[in-house]
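Notes for the structure review
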Amino acid sequence: MKKRFNIFTPKGRELRAAYKVAKQVDDLKQKYRQMSNEELSSQTNIFLEQIKKGISLDAILPEALATAREAIYRVHGLYAYTVQIIGAIIIHKGNIAEMYTGEGKTLTIILTAYLNALLKKGVHIVTVNEYLVKRDALFCAQALNPLGISVGYNTADMDADVKRQMFAKDITYTTSSELGFDYLRDNMVKDYSEKVIRDLHMAIIDEVDSILIDYFWST
């Protein structure tokens, strides 16, 4: 069934634009399915070279999402649907993507994270508890490590040296509470070299409703 959006509303325009780009990603399926593992893995270096030449993330977005989508499929046997591609684009644009249980937001987040990790400035994925932090970090690492993207996670029981190593990864999973405590501790260090969080660039908030409720309840 062809999707129709009300283009006269901001939400409708965003969805319509995302759907058009998602269609471009869908059209690349066979191209990336036919690649060998080595060819698929080499796509990351191609993207990095393009970025060095000044090409924007938006310009390589279809190819990057198609690469991550195929990598996830080869490792986990899960192929992101068009709705997940749309969600990844919406998140990349800095908006909230509402997805119901079973619509696959875990894959959606990985797609967005891969795209933005190509800038090599760090992507923080913030969620609600340490079980999800460890589970999703492992799932993400298995899919994206073959593409040359490093993935780590941050928990309360880690010492400063380990935290520093984890935050230096391309993608770092953490809870909102521990990230907040690390940020406060970083602002009390005597020397900048003692800080554990790298320069802030991008955060993807998983379970955004729960995290915002916790935040406003505590303030």
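**Things to note about helix H7 (residues 130-144)**
Given a rise of 1.5 Å per residue, 15 residues ought to cover 21 Å, and the 20 Å separating the end C-alpha atoms of H7 matches this to within 8%. Within H7, burial applies to Leu132, Val133, Asp136, Ala137, Phe139, Cys140, Ala141, Ala143 and Leu144. Packing partners of the buried residues in H7 comprise helix H4 (57-76), helix H6 (105-117), strand E1 (123-127), strand E2 (151-154) and strand E3 (171-175). A distance of 3.2 Å separates the backbone nitrogen of Tyr131 from a side-chain oxygen at the start of H7, and that oxygen is part of Asn129.

**Some remarks on unusual backbone geometry**
Phi at Lys120 is positive, roughly 60°, even though this residue is not glycine. Mapped onto the elements of the fold, Lys120 is located in the loop between H6 and E1.

**Remarks on the sheet that holds E2**
Spatial ordering of the open sheet is given by E2-E3-E1-E4, a layout of four strands whose pairing is parallel. Edge positions in the open sheet fall to E2 and strand E4 (202-205), since each of these has one partner strand only. Ignoring which end each strand starts from, the neighbouring axes of this sheet average 25° apart. Taken together, the five bridges between E1 and E3 define a ladder with parallel strand orientation. Bridged to His124 within E3 is Thr172. Taken strand by strand, H7 contacts E1, E2 and E3, and its axis lies near 165° from that of E3. Strand contacts of helix H9 (residues 176-186): E1, E2 and E3, with the helix running at about 100° to E3, the strand carrying the most contacts.

**Here's the deal with the side chain of Glu178**
Here Glu178 is to be found in helix H9. Judged by relative accessible area, Glu178 falls into the buried class, the value being 7%. Ignoring any residue separated from it by four or fewer positions in sequence, one finds Glu178 in contact with Asn154, Thr155, Ala156, Lys163 and Arg185.

**Concerning the pairing of E3**
Counting buried residues along E3, five of its five residues qualify, which places the element largely inside the surrounding structure. What you see with E3 is no split at all: Ile171, Tyr173 and Thr175 on one side and Thr172 and Thr174 on the other are buried throughout. Relative to E3, E2 runs parallel, the two being bridged by four bridges. By the bridge assignment for E3, Val151 is matched with Ile171. Each parallel crossover has a hand, and for E2 linked through helix H8 (residues 160-167) to E3 it is right-handed.

**Some details on the packing of H4 against H6**
It is at 9 Å that the axes of H4 and H6 come closest, and there the two elements cross at 130°. When the axes of H4 and H6 are compared, the pair comes out oblique. Here H4 and H6 pass one another in a crossing that is right-handed. Contacts between H4 and H6 involve Leu57, Leu61, Ala64, Leu65, Thr67, Ala68, Arg69 and Ile72 from the former and Leu107, Ile110, Leu111, Tyr114, Leu115 and Asn116 from the latter. By residue class, the composition of the contact of H4 with H6 is 11 nonpolar, two polar and one charged.

**A look at the nonpolar core**
In terms of nonpolar packing, the biggest core is built from 51 residues, with Leu65, Tyr114, Leu118, Ile171 and Tyr173 touching the most fellow members. Here this core takes nine residues from H4, the largest share from any one element. Counting five residues, the second-largest nonpolar core is a separate cluster that includes Val126, Leu179, Val196 and Ile197.

**Some remarks on the packing of aromatic side chains**
A complete count under the given rule lists one aromatic pair for this structure. Both rings, one in Tyr73 and one in Tyr79, keep their centres 5.7 Å apart while their planes meet at 90°; by these two values the pair is edge-to-face. In this structure Tyr73 comes out as partly exposed when scored by relative accessible area, which is 33%. The cationic tip of Lys29 hangs over the ring face of Tyr79; the distance from NZ or CZ to the ring centre is 5.0 Å.

**Digging into H8**
The set of residues buried in H8 consists of Lys163, Met166 and Phe167. Across the axial projection of H8, the buried residues extend over an arc of 95°, all falling on one side. Elements that come into contact with the buried residues of H8 comprise E1, E2, E3 and H9. N-capping of H8 is provided by Asp159, with a side-chain oxygen placed 3.2 Å from the backbone N of Asp161.

Reading the values: the criteria
- Residues numbered from 1 in each chain as written.
- Predicted model: local features only at pLDDT ≥ 70, side-chain atom pairs only at ≥ 80, totals over all residues.
- Heavy atoms only, no water.
- Helix = DSSP H or I, 4+ residues; strand = E, 2+ residues; numbered from the N terminus.
- Expected span 1.5 Å × (residues − 1).
- Buried < 20%, exposed > 50% of the residue type's maximum accessible area, 1.4 Å probe, protein only.
- Contact = heavy atoms within 4.5 Å.
- Polar contact = N/O pair within 3.5 Å; in protein donor to acceptor, adjacent residues only side chain to side chain.
- Pairing = 2+ DSSP bridges.
- Axes fitted to C-alpha atoms, helices over the stretch in contact; angles between N-to-C directions.
- Right-handed = clockwise from strand over helix to strand, strands pointing away.
- Parallel < 35°, antiparallel > 145°, perpendicular 65-115°, else oblique.
- Left-handed = near helix turned anticlockwise from the far one by under 90°.
- Nonpolar A, V, L, I, M, F, W, Y, C, P; charged D, E, K, R; others polar.
- Core = buried A, V, L, I, M, F, W, Y, C linked by side-chain atoms within 4.5 Å.
- Phe/Tyr/Trp six-rings, centres within 6.5 Å; stacked < 30°, edge-to-face > 60°.
- Lys NZ or Arg CZ within 6 Å of the ring centre and 35° of its normal.
- Arc of directions from axis to C-beta.

From the geometry alone we can't say anything about function, so treat these as descriptive.
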